[in-house]
Amino acid sequence: MTIKIGDTLPEGQLAEFIETETEGCSLGPNTFNVSDLMKGKKIALFAVPGAFTPTCSAKHLPGYVQHAAEFKAKGVDEIWAISVNDAFVMGAWGRDQKATGSVRLLADGNASFVKALGLDADFSKNGMGIRSQRFSAFIDDGVVKQLNIEEPRTFEVSTAEVLLSQI
């Protein structure tokens, strides 16, 4: 069943490549519970089929990086990009796209979180296996307030501009 507006996000874990060691976060991949990361926060979340893929790299992530200050001005605490890749790939994609510091690049390596959301997609015919559908959401303290799911092979409703207009 696909998550919908008004639902609380399911339990899950995501991994992030940490560039700078801090208290509680070591260098390299760190795994976090989604419910802990979202507690008391407003999150602009978007998911892509794959890091370094054409639309994701040319349009989707750059839009959120470009509009990061506008999200903050609307009270958004963090912007998350989720993809079914490992934390090393997501960290490299963030560095490549100059997203570090404005967008958190979170890995769902086994697609377990997007499956729990009901937003997984089978890209096996393209040699990519199970991935995430392209979508965006506005989450407030773990509750879905907005949800924009793209039709296959489209990039219209999950853009940064659309999500910004909904907050």
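Residues numbered from 1 in each chain as written. Predicted model: local features only at pLDDT ≥ 70, side-chain atom pairs only at ≥ 80, totals over all residues. Heavy atoms only, no water.

Any chance you could explain the overall build of the protein chain here in plain terms?
Each helix and strand in the protein chain was counted, giving 6 helices and 9 strands. Rg of the C-alpha trace for the protein chain: 14 Å, near the compact-globule value of 15 Å for 167 residues, within the 12% margin. Its C-alpha atoms give the protein chain principal-axis dimensions of about 40 × 35 × 30 Å. For the protein chain, buried positions account for 49% of its 167 residues. If you take every contact in the protein chain between residues at least 6 apart in sequence, the share linking residues at least 24 apart comes to 63%. Element-wise, carbon and sulfur atoms account for 51% of the exposed surface of the protein chain, whose accessible area totals about 8,100 Å². In the protein chain, the 16 positive side-chain charges and the 21 negative ones have mean positions that sit 4 Å from each other. (Helix = DSSP H or I, 4+ residues; strand = E, 2+ residues; numbered from the N terminus. Rg over C-alpha atoms; globule rule 2.2 N^0.38 Å. Buried < 20%, exposed > 50% of the residue type's maximum accessible area, 1.4 Å probe, protein only. Contact = heavy atoms within 4.5 Å. Areas by Shrake-Rupley, 256 points an atom, 1.4 Å probe, with all protein chains shown as cover. Lys, Arg positive; Asp, Glu negative; His and termini not counted. Charge placed at Lys NZ, Arg CZ, Asp CG, Glu CD.)

Hey, could you run me through the layout of surface pockets in this one?
Take a probe with the size of a water molecule and roll it over the atoms, and the empty space left behind shows itself. Of the voids in this model, the largest pocket is the one considered here, and its volume is about 440 Å³. Elements with a contribution of two residues or more to the lining of the largest pocket: α2 (54–66) and β6 (120–122). With 3 residues, the top contributor of residues to the lining of the largest pocket is α2. Among the residues making up the lining of the largest pocket, the classes are represented as 8 nonpolar, 6 polar and 6 charged. (1 Å grid on protein atoms, 1.4 Å probe; cavity = no way out; pocket = protein on both sides within 12 Å on 5 of 7 lines; lining within 4 Å. Points joined across faces, edges and corners; volume = space filled by probe spheres on them. Nonpolar A, V, L, I, M, F, W, Y, C, P; charged D, E, K, R; others polar.)

What is the right way to look at empty space enclosed by the protein in this model?
Taken as a whole, this structure holds 1 cavity of 30 Å³ or more when the rule is applied. Here the largest cavity is characterised by a volume of approximately 50 Å³. Among the secondary structure elements, those contributing two or more residues to the lining of the largest cavity are β8 (135–140) and β9 (143–149). Looking at the lining of the largest cavity residue by residue, the class counts come to 10 nonpolar, no polar and no charged.

Where do I start with the pairing of β9 in this structure?
Working note: regular strand, side chains alternate between the two faces of the sheet. Of the strand pairs in this sheet, β8 and β9 are connected by 6 bridges, and their pairing is antiparallel. Note that in β9 the partner of Phe-135 across the bridge is Ile-149. Hairpin connection between β8 and β9: a loop of 2 residues separates the two successive antiparallel strands, and Asp-141 in this loop has a positive phi of roughly 55°. (Pairing = 2+ DSSP bridges.)

Looking at this structure, how should I read the nonpolar core?
Burial of nonpolar side chains together is a common tendency in soluble globular proteins. Core analysis: the biggest nonpolar cluster contains 25 residues, and Leu-9, Met-38, Trp-80 and Ile-82 have the highest contact counts within it. Of all the elements in the fold, those that place two or more residues in this core are β1 (13–18), α1 (34–38), β3 (42–48), β4 (78–83), α5 (112–117), β8 and β9. Not counting residues up to four positions away in its chain, the partners in contact with Leu-9 are Ile-3, Val-34, Met-38, Phe-113, Leu-117, Ile-139, Gly-142 and Val-144. Judged by nonpolar contacts, the second largest core, of 24 residues, contains Ala-51, Leu-61, Tyr-64 and Trp-93. (Core = buried A, V, L, I, M, F, W, Y, C linked by side-chain atoms within 4.5 Å.)

Looking at this model, I keep getting lost on the environment of Asn-148. Mind explaining?
On the secondary structure map, Asn-148 appears in strand β9. Overall, the relative accessible area of 7% leaves Asn-148 in the buried class. Considering only alpha carbons, one finds Asn-148 and Glu-161, 13 residues apart in sequence, at a separation of 12 Å. With near-sequence residues (within four places) excluded, Asn-148 lies in contact with Arg-134, Phe-135, Ser-136, Val-157, Ser-158, Val-162, Leu-163 and Gln-166. A distance of 2.8 Å separates the side chain of Asn-148 from the side chain of Gln-166, its partner in a polar contact. (Polar contact = N/O pair within 3.5 Å; in protein donor to acceptor, adjacent residues only side chain to side chain.)

What's the story with the packing of aromatic side chains in this structure? I'm lost.
Within the structure shown, the criterion is met by 3 aromatic pairs. Taking the centre distance of 4.0 Å and the plane angle of 10° together, the rings of Phe-46 and Tyr-64 count as stacked. With a gap of 18 residues between them, Phe-46 in strand β3 and Tyr-64 in helix α2 connect regions that are remote in the sequence. Accessibility expressed as a relative area gives 0% for Phe-46, which makes it buried. Between Tyr-64 and Phe-71 the ring centres are 5.5 Å apart and the planes differ by 15°, which places this aromatic pair in the stacked class. On the accessibility criterion, Phe-71 (0% relative accessible area) is buried. Taken together through their ring pairs, the aromatic side chains of Phe-46, Tyr-64 and Phe-71 make up a single cluster. Across the ring face of Phe-32, the terminal group of Arg-104 is positioned such that the distance to the ring centre comes to 5.6 Å. (Phe/Tyr/Trp six-rings, centres within 6.5 Å; stacked < 30°, edge-to-face > 60°. Lys NZ or Arg CZ within 6 Å of the ring centre and 35° of its normal.)

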